[in-house]
Protein chains: 2
Amino acid sequence: MKNKHGSKRALTRNQSLVFEALRKAKNPVGAYELLDQLREHGLRAPLQIYRTLDQLIELKIVHRLESLNAWTLCCDAEHDSTPVFAICNDCGIVTECFDENISSNIQKISKRSGFVADRSVIEIHGRCDQCETSQG
Amino acid sequence: MKNKHGSKRALTRNQSLVFEALRKAKNPVGAYELLDQLREHGLRAPLQIYRTLDQLIELKIVHRLESLNAWTLCCDAEHDSTPVFAICNDCGIVTECFDENISSNIQKISKRSGFVADRSVIEIHGRCDQCETSQG
DNA sequence: ATAGGTATTGTTATATTATAACGATTCTAT
DNA sequence: ATAGAATCGTTATAATATAACAATACCTAT
């Protein structure tokens with residue numbers, strides 16, 4: 001099994017467990033919520049979760065949402081560019097999107113001051129289409 | 001005394017204490033670090049700090065950096081638009097900047113999917129000019 | 001100016017999120 | 001098979017944040 005980014009290895013047991021838990025979840029999930037869900041599968045300590053999440057991030061198949069202290073699967077798209085997350089305040093759903101312009105704007109902003117960007121956190125809070133239309 | 005956004009009230013004692021502590025700091029400061037600094041001035045409990053920070057954010061004179069769990073003064077500029085923070089991994093310095101394009105891109109991205117944006121978190125991590133040039 | 005209601009503030013306790021330290025296990029190259 | 005390196009499990013604890021309620025300050029109408 002290869003992951004979508006061409007890494008050779010299959011996921012470890014812990015990685016699969018966490019990955020599947022995230023896949024089943026509709027929304028981003030916190031570390032302790034994952035721990036609760038995975039206790040029955042033998043994960044007992046927070047560090048097991050945190051370490052596994054770090055690994056999945058390293059593999060580029062999971063993202064951390066900084067403003068939620070929660071994690072979510074990466075969308076299917078291969079991307080090296082900065083993802084933009086739209087986070088609904090009402091239903092909590094998070095949509096990952098991309099925008100060439102934003103990426104290049106960030107490059108521009110930072111270059112302007114000699115700053116060399118490394119990683120960007122872009123999280124938009126608001127109301128998703130569905131929540132917006134369904135109940136005013 | 002008016003603040004820069006035209007609010008009528010002077011800052012309360014707690015607000016002034018926290019504001020000054022942030023002003024003196026070179027970099028963003030965490031809540032418990034503020035608490036430690038302000039204990040001698042009578043602030044004893046975390047909530048006193050957290051509440052005051054919320055108030056200062058409400059007044060638009062302080063920002064929270066989500067990816068640092070820390071707070072910093074708002075730059076002098078009046079702005080309603082989304083600030084972009086450039087955060088140096090080395091020296092920790094944070095620069096607040098603006099970019100019309102980013103703001104409008106975010107509008108576009110979100111509108112594209114019917115999302116109504118509310119507040120945006122944009123935090124770029126990397127290396128500042130000074131750190132970049134000074135030690136390769 | 002004062003009583004009665006409303007807001008804010010202080011305090012205690014506790015919840016939530018994350019990491020340090022170290023021993024046990026597994027992996028890898030010989 | 002075995003030594004060294006890397007990973008993993010476990011215990012303990014650190015760091016960050018909030019709930020609940022009592023005490024105080026503050027309006028506002030009289």
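Residues numbered from 1 in each chain as written. Chains lettered and ligands numbered in written order. Predicted model: local features only at pLDDT ≥ 70, side-chain atom pairs only at ≥ 80, totals over all residues. Heavy atoms only, no water.

### Description of the relation of the copies chain B and chain A
- With an RMSD of 0.0 Å, the fit of chain B onto chain A corresponds to turning through 180° and sliding 0.0 Å along the axis. Each copy turns onto its partner about a two-fold axis. Across chain B, the smallest distance between a C-alpha and the rotation axis is recorded for Ile122 of chain B, namely 2.3 Å.
- Residue by residue, 100% of the interface of chain B is reproduced at the interface of chain A, so both copies engage with the same surface. (Least-squares fit on C-alpha atoms with pLDDT ≥ 70 in both. Contact = heavy atoms within 4.5 Å.)

### A short note on the environment of Ile87 of chain B
- Counting through the fold element by element, Ile87 of chain B comes out in strand S3 (residues 84-88).
- By relative accessible area, which is 2% here, Ile87 of chain B ends up buried. (Helix = DSSP H or I, 4+ residues; strand = E, 2+ residues; numbered from the N terminus. Buried < 20%, exposed > 50% of the residue type's maximum accessible area, 1.4 Å probe, protein only.)

### Let's talk about the pairing of strand S3 (residues 84-88) of chain A
Residue and element names in this part refer to chain A.
- Counting buried positions along S3 gives five out of five residues, so the element sits mostly inside the fold.
- Burial of the side chains of S3 extends over both faces: Val84, Ala86 and Cys88 are buried on one face and Phe85 and Ile87 on the other.
- Where S3 hands over to strand S4 (residues 94-97), the hairpin turn is made up of five residues, of which Gly92 adopts a positive phi near 80°.
- In this structure, S3 lies alongside strand S5 (residues 116-127), joined through four bridges in parallel fashion. By the bridge assignment for S5, Ile87 is matched with His125. (Pairing = 2+ DSSP bridges.)

### Let's talk about the sheet that holds S4 of chain A
- Sheet architecture is open: six strands sit in the order S4(A)-S3(A)-S5(A)-S5(B)-S3(B)-S4(B), paired in mixed fashion. Looking at strand neighbours, the two that pair on one side only are S4 of chain A together with strand S4 (94-97) of chain B, the edges of this open sheet. Mean inter-strand twist for the sheet, computed between neighbouring axes without regard to direction, equals 20°.
- In the sheet, S3 of chain A pairs with S4 of chain A via four bridges, with the strands oriented antiparallel. Looking at S4 of chain A, one finds that Ala86 of chain A is bridged to Thr95 of chain A.
- Its contacts with the sheet place helix H4 (residues 100-112) of chain A against S3 and S5 of chain A together with S3, S4 and strand S5 (116-127) of chain B, and it is angled at close to 130° to S5 of chain A.
- Helix-sheet contacts for helix H4 (residues 100-112) of chain B involve S3, S4 and S5 of chain A together with S3 and S5 of chain B, and the interaxial angle to S5 of chain B is about 130°. (Axes fitted to C-alpha atoms, helices over the stretch in contact; angles between N-to-C directions.)

### Structural notes on the interface of chain B and chain A
- Opposite the 34 residues of chain B that make contact, chain A presents 34 residues.
- Across the chain B/chain A interface, buried area totals approximately 2,700 Å², and carbon plus sulfur atoms make up 60% of it.
- Of all residues in chain B, Ile109, Phe115 and Ile124 of chain B bury the most surface against chain A, accounting for 22% of the area lost on that side.
- Counting every contact that joins chain B to chain A gives two salt bridges.
- Across the pair Asp99 of chain B and Arg112 of chain A runs a salt bridge, and its minimum N-O distance is 3.0 Å.
- Summed over the shared surface of chain B and chain A, the number is 12 residue pairs in polar contact (both at pLDDT 80 or more).
- Considering each element in turn, the side of chain B that touches chain A owes the most residues, 12 residues, to S5 of chain B.
- Here S5 of chain A pairs with S5 of chain B via 11 bridges, running antiparallel. Directly across from Glu123 of chain A, in S5 of chain B, lies its bridge partner Val121 of chain B. (Buried area = accessible area lost by both parts, 1.4 Å probe. Salt bridge = Lys/Arg side-chain N within 4 Å of Asp/Glu carboxyl O. Polar contact = N/O pair within 3.5 Å; in protein donor to acceptor, adjacent residues only side chain to side chain.)

### Topic: the packing of helix H1 (residues 13-24) of chain A against helix H3 (residues 46-58) of chain A
Residue and element names in this part refer to chain A.
- Two elements in contact, H1 and H3, have axes separated by 9 Å at closest approach and are oriented at 80°. In terms of orientation, H1 and H3 fall into the roughly perpendicular class. Of the residues in H3, those in contact with Asn14, Gln15, Val18, Phe19 and Leu22 of H1 are Gln48, Thr52, Leu53, Gln55 and Leu56.
- Considered class by class, the residues forming the contact of H1 with H3 number five nonpolar, five polar and no charged. (Parallel < 35°, antiparallel > 145°, perpendicular 65-115°, else oblique. Nonpolar A, V, L, I, M, F, W, Y, C, P; charged D, E, K, R; others polar.)

### Comments concerning the pattern of salt bridges
Residues and elements named next belong to chain A.
- Applying the stated rule across the entire model yields 16 salt bridges over all chains.
- Residue Arg127 is joined to Asp90 by a salt bridge in which the shortest nitrogen-to-oxygen separation is 3.1 Å. With Arg127 in strand S5 and Asp90 in the loop between S3 and S4, the pair connects residues that are 37 residues apart, well separated along the chain.
- Judged by its relative accessible area of 42%, Asp90 falls in the partly exposed class.
- Through salt bridges that share partners, Arg64, Glu66 and Arg119 make up one connected network.

Spatial relationships are all this shows, so hold off on functional conclusions.
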